[in-house]
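Structural overview
Okay, here's what each chain looks like letter by letter:
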Amino acid sequence: MRVIRQDGVGRRGRTVARTTVLAAVLSLVATSCLLARPEGPDGLRYRDDVFSTVTTTSSIVYGQALSQTGVAITLYADLYEPSGDTAALRPLVIFVHGGSFKSGTRTSPELVDEATVLGKKGWVSASVSYRLSAQGCTVINAACVESIVDATEDAQAAVRFFRAHAADYRIDPTRIA
């Protein structure tokens, strides 16, 4: 039995209306957050562009691993630093590219762009490679799970590498994301 309220709006109509209103409210909140400038002086490190250029160090070897087929893989990172930065310790953001564990690269344009944007604000970024598999994760199976585990281990190895070499790259080892 279908119940219709006196105003003629059924349960489905109310759900759609609520969802639409919720989406509109969330959209307005998100837009206002993007447009609102946080309080503070201009030139605030980590928020504003305080450096004009970024220095990139490519192909830093951060580890070795075996692929799912037993082939030795060298793991590389590209490091993005604010040019002319004199800070003794800087936070590090590590980027891991997408690609369903089958494709992608640490030099993906969107990662290079984001690392450059962060570098101009004073952050240090690293974009890392990880072991890829022929199957990837288009289907959830044992090879997919193994790919996820491999990529997780490789990302953890990158964190360990940068902690161990924090002094070399002037990275704060307690502030790695």
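Per-chain numbering applies: the sequence of each chain, read as written, is numbered from 1 onward. A pLDDT threshold of at least 70 governs which residues receive local features in this predicted model, and a stricter bar of 80 or more applies before side-chain atom pairs are shown or counted, although totals over entire chains, interfaces and linings include all residues. Remark: hydrogens and water are excluded; side-chain values derive from all non-hydrogen atoms of the structure.

**Thoughts on the state of the cysteines**
To count as a disulfide, a pair of cysteine sulfur atoms needs to be within 2.5 Å. Overall, the coordinates contain one disulfide when judged by the stated rule. Two residues share a disulfide in this structure: C137 and C144, whose sulfurs sit 2.1 Å from each other. As the torsion about the S-S bond is roughly 105°, the C137-C144 disulfide counts as right-handed.

**So, unusual backbone geometry**
For Y46, which is not a glycine, the phi torsion comes out positive at approximately 75°. Mapping Y46 onto the fold places it in the loop between α1 (11–35) and β1 (54–66). On the basis of relative accessible area, Y46 is assigned to the partly exposed category, the value being 26%. Here the phi dihedral of R170 falls at roughly 55°; this positive angle occurs in a residue that is not glycine. Comment: elements are numbered from the N terminus, with helices defined as DSSP H or I runs of at least four residues and strands as E runs of at least two. Residue exposure (1.4 Å probe, protein chains only): buried if accessible area is under 20% of the type maximum, exposed if over 50%, otherwise partly exposed.

**As for the nonpolar core**
Nonpolar cores were defined as sets of buried Ala, Val, Leu, Ile, Met, Phe, Trp, Tyr and Cys residues, with membership established by side-chain atoms within 4.5 Å. In terms of nonpolar packing, the biggest core is built from 19 residues, with Y62, L79, L92, I94, F162, Y169 and I171 touching the most fellow members. For this core, the secondary structure elements donating two or more residues are β1, β2 (72–82), β3 (90–96), β4 (124–128), α3 (142–164), α4 (166–169) and β5 (171–176). Here the element with the most residues in this core is α3; it accounts for four residues. Once residues within four sequence positions are removed from consideration, L92 is found in contact with L79, V124, S125, A126, F162, I171, R175, I176 and A177. Whether two residues touch is decided by their heavy atoms; if any such pair falls within 4.5 Å, the residues are in contact.

**Considering the packing of aromatic side chains**
Ring pairs shown here join Phe, Tyr and Trp side chains whose ring centres sit within 6.5 Å, with only the six-membered ring taken for Trp; geometry is labelled stacked below 30 degrees between planes, edge-to-face above 60, and tilted in between. As enumerated under the stated definition, the model contains five aromatic pairs in all. Ring centres of F161 and Y169 lie 6.4 Å apart, and the angle between their planes is 45°; this geometry places the pair in the tilted category. A relative accessible area of 13% means that F161 is categorised as buried. Given a relative accessible area of 18%, Y169 falls into the buried group. Aromatic ring contacts, followed pair by pair, group F161, F162 and Y169 into a single cluster.

**With respect to the pattern of salt bridges**
Any carboxyl oxygen of Asp or Glu that lies within 4 Å of a side-chain nitrogen of Lys or Arg is treated as forming a salt bridge with it. Under the definition given, this model contains 10 salt bridges. The salt bridge partner of E153 is R131, with a shortest N-O separation of 3.2 Å. Placement of E153 in helix α3 and of R131 in the loop between β4 and α3 is noted, with a sequence separation of 22 residues between them. Given a relative accessible area of 39%, E153 falls into the partly exposed group. With a closest N to O distance of 4.0 Å, R175 and D172 form a salt bridge. The class of R175 is partly exposed, set by a relative accessible area of 38%.

By themselves, these observations are geometric and do not establish any function.
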